[in-house]
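# Inside the fold
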Amino acid sequence: SELWRLLAVALRQHSRHLVAMRWLAHALRLAPDNIEALRMQAWMELERGDSTKAALTVRRLLTLRPQDHAARVQAAFVFAAAGDVALAANCAEDSIVANPQDPEAWRALSQVRYLQSRLEDAEHAIDIALQLRPGQVDSLRQLGWILIADQRPAHAQLAFLRVLDQQPQDIVALQEAAESC
């Protein structure tokens, strides 16, 4: 089972998502409780735009590992994408209580607060994430979108330009920087 999951990881890294999903499904047929395979499946379902399926997968993951910190952080992102903001908030808050030094937990809370239109709280949470892991691209991008929602386009543009400092070939960050003005 683990070899099939690793094959799926390699295929995903080479942008062969459909084939990766097939081998991941095979790995889960062989070992339905493979935690790492379930984590990967939830992310890939979310990437494909199937937040409902991703939420079901994360619920299974939480059933198998209710106190797993990484599973709760992932659940916060997935439930937020699936529109269950209240459950996402619970997962993000629990993650921060369990590990206040985890920047991903703070980023998850920031995403939830953004969806709740609590922009000041969203910015505060993403600032903590960036203090814990300075320059993290996903956090900088999220900061940019929070600042746009808060009608501070010049500050948002700076966040997107910081992404471009780290990833000069990032077309999406270039578009975000251009659109923020």
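Above this text you will find the structure in question.
Moving on: the nonpolar core. Counting 54 residues, the largest nonpolar core has Leu24, Val58, Phe79 and Trp106 as the members making the most contacts within it. With eight residues, helix α5 (residues 69-81) is the largest single contributor of residues to this core. Apart from the residues within four sequence positions on either side, Leu24 is in contact with Arg5, Ala8, Ala37, Met40, Gln41 and Met44.

Moving on to helix α9 (residues 137-149). For α9, with 13 residues, the first-to-last C-alpha span of 19 Å sits near the 18 Å given by 1.5 Å per residue. Taken residue by residue, α9 has Val137, Ser139, Leu140, Arg141, Gln142, Leu143, Gly144, Ile146 and Leu147 as its buried positions. Considering only its buried residues, α9 is in contact with α7 (103-115), α8 (119-132), α10 (153-166) and α11 (171-179). Structurally, the start of α9 carries an N-cap: the backbone nitrogen of Asp138 is 3.1 Å from a side-chain oxygen of Gln136. One or two steps after α9, the chain reaches Gln151, where phi turns positive at roughly 60 degrees.

Now for the pattern of salt bridges. Under the criterion given, the structure shown has 15 salt bridges. For the salt bridge of Glu123 with Arg152, the shortest nitrogen-to-oxygen distance reads 2.3 Å. Remark: Arg152 occurs in the loop between α9 and α10 and Glu123 occurs in helix α8; sequence separation between them is 29 residues. Each member of the salt-bridge network shares a partner with another, and the members are Glu36, Arg39, Arg65 and Asp68.

Moving on, we come to unusual backbone geometry. At Ser117, a position not held by glycine, the phi torsion is positive, near 60 degrees. Looking at the secondary structure, you find Ser117 in the loop between α7 and α8. The exposure class of Ser117 is exposed, given its relative accessible area of 61%.

Conventions we followed
- Residues numbered from 1 in each chain as written.
- Predicted model: local features only at pLDDT ≥ 70, side-chain atom pairs only at ≥ 80, totals over all residues.
- Heavy atoms only, no water.
- Core = buried A, V, L, I, M, F, W, Y, C linked by side-chain atoms within 4.5 Å.
- Buried < 20%, exposed > 50% of the residue type's maximum accessible area, 1.4 Å probe, protein only.
- Helix = DSSP H or I, 4+ residues; strand = E, 2+ residues; numbered from the N terminus.
- Contact = heavy atoms within 4.5 Å.
- Expected span 1.5 Å × (residues − 1).
- Polar contact = N/O pair within 3.5 Å; in protein donor to acceptor, adjacent residues only side chain to side chain.
- Salt bridge = Lys/Arg side-chain N within 4 Å of Asp/Glu carboxyl O.

By themselves these figures say nothing about function.
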